[in-house]
Amino acid sequence: MSGAGAADRDHVDGSGIRVAIVAGQWHDEIAGGLLAGAQREVERLGAMAEVIPVPGSFELPVVAKAALEAGFDAAVALGVIIRGGTPHFEYVSDAATSGLTRVAIDAGKPVGFGVLTLDDEQQGLDRAGLPGSKEDKGAEAVHAAVSTVVTLRRLRVLA
């Protein structure tokens, strides 16, 4: 499992940082775990968040872009894509990943990537931050986004 190489989620002061948590609605249990982990991490870091539900992972980029344009300091995209028997998985995974990357670069603001691309449901349960999960990808995505906001602010002061 990839969590063995994850960075420590040290405490970052998220005071005054506004985060849009853009949350896909597919796969209720896993998506709910991701969202709960993201919300716990926002609270732990002292940031502020608004949850913006979207139908699925394909819609994450456009709504993350709108949230950043509306003044949020960061967006966190949460979604669950489970491989099936058709190429649909590859199309949606690529669209979400490429789209969110483009949003972050174009906006100059971080987009925390909490989109799980899975071979099966158990992989999601292991990563969703639920009781018994090995990882908490929702919390990791928030931490990455808030840490990046702090870094970008520090760089602007130095410039």
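For the structure itself, look to the data block above.
All values derive from a computational prediction rather than experimental measurement. (Residues numbered from 1 in each chain as written. Predicted model: local features only at pLDDT ≥ 70, side-chain atom pairs only at ≥ 80, totals over all residues. Heavy atoms only, no water.)

Caption draft 1: Expanded view of the pattern of salt bridges. In total, this model carries 11 salt bridges according to the counting rule given. Linking arginine 153 and aspartate 73 is a salt bridge whose minimum nitrogen-to-oxygen distance equals 3.3 Å. You can see arginine 153 sitting in helix H5 (residues 137–158) and its partner aspartate 73 sitting in the loop between helix H2 (60–69) and strand E3 (74–82), a full 80 residues away along the chain. Its relative accessible area of 35% is what places arginine 153 among the partly exposed residues. The salt bridge partner of aspartate 126 is lysine 134, with a shortest N-O separation of 3.7 Å. (Salt bridge = Lys/Arg side-chain N within 4 Å of Asp/Glu carboxyl O. Helix = DSSP H or I, 4+ residues; strand = E, 2+ residues; numbered from the N terminus. Buried < 20%, exposed > 50% of the residue type's maximum accessible area, 1.4 Å probe, protein only.)

Caption draft 2: Quick peek at the nonpolar core. Among the nonpolar cores identified, the biggest contains 23 residues, and Val19, Val76, Val142 and Val146 are the most heavily contacted of them. The element best represented in this core is helix H1 (residues 28–45), accounting for 6 residues. With sequence-adjacent residues up to four places away left out, valine 19 is seen in contact with Ala47, Met48, Ala49, Glu50, Phe72, Ala74, Val76 and Val146. Core analysis: the second largest hydrophobic core is formed by 14 residues, Ala75, Ile81, Phe89 and Val115 among them. (Core = buried A, V, L, I, M, F, W, Y, C linked by side-chain atoms within 4.5 Å. Contact = heavy atoms within 4.5 Å.)

Caption draft 3: Examining the environment of glycine 85 more closely. Here glycine 85 is to be found in the loop between E3 and helix H3 (88–107). The exposure class of glycine 85 is exposed, given its relative accessible area of 84%.

Caption draft 4: A look at the side chain of aspartate 136. In this structure, aspartate 136 sits in the loop between helix H4 (121–127) and H5. Owing to a relative accessible area of 14%, aspartate 136 belongs among the buried residues under this scheme. Of the polar contacts made by the side chain of aspartate 136, one reaches the side chain of arginine 40; its length is 3.0 Å. One polar contact links the side chain of aspartate 136 to the main-chain amide nitrogen of alanine 139, over a distance of 3.2 Å. In contact with aspartate 136, other than residues within four places in its own chain, are Arg9, Gly37, Arg40, Arg127, Ala128 and Gly129. (Polar contact = N/O pair within 3.5 Å; in protein donor to acceptor, adjacent residues only side chain to side chain.)

Caption draft 5: Here's a closer look at a negative patch on the surface. Together, Asp28, Glu29, Asp120 and Glu121 line one region of the surface with negative charge. With respect to the secondary-structure elements, glutamate 29 resides in helix H1. You can call glutamate 29 partly exposed: its relative accessible area is 48%. (Patch = residues over 30% accessible without salt bridge, like charges linked within 9 Å, V, L, I, M, F, W, Y side chains within 5 Å. Areas by Shrake-Rupley, 256 points an atom, 1.4 Å probe, with all protein chains shown as cover. Lys, Arg positive; Asp, Glu negative; His and termini not counted. Charge placed at Lys NZ, Arg CZ, Asp CG, Glu CD.)

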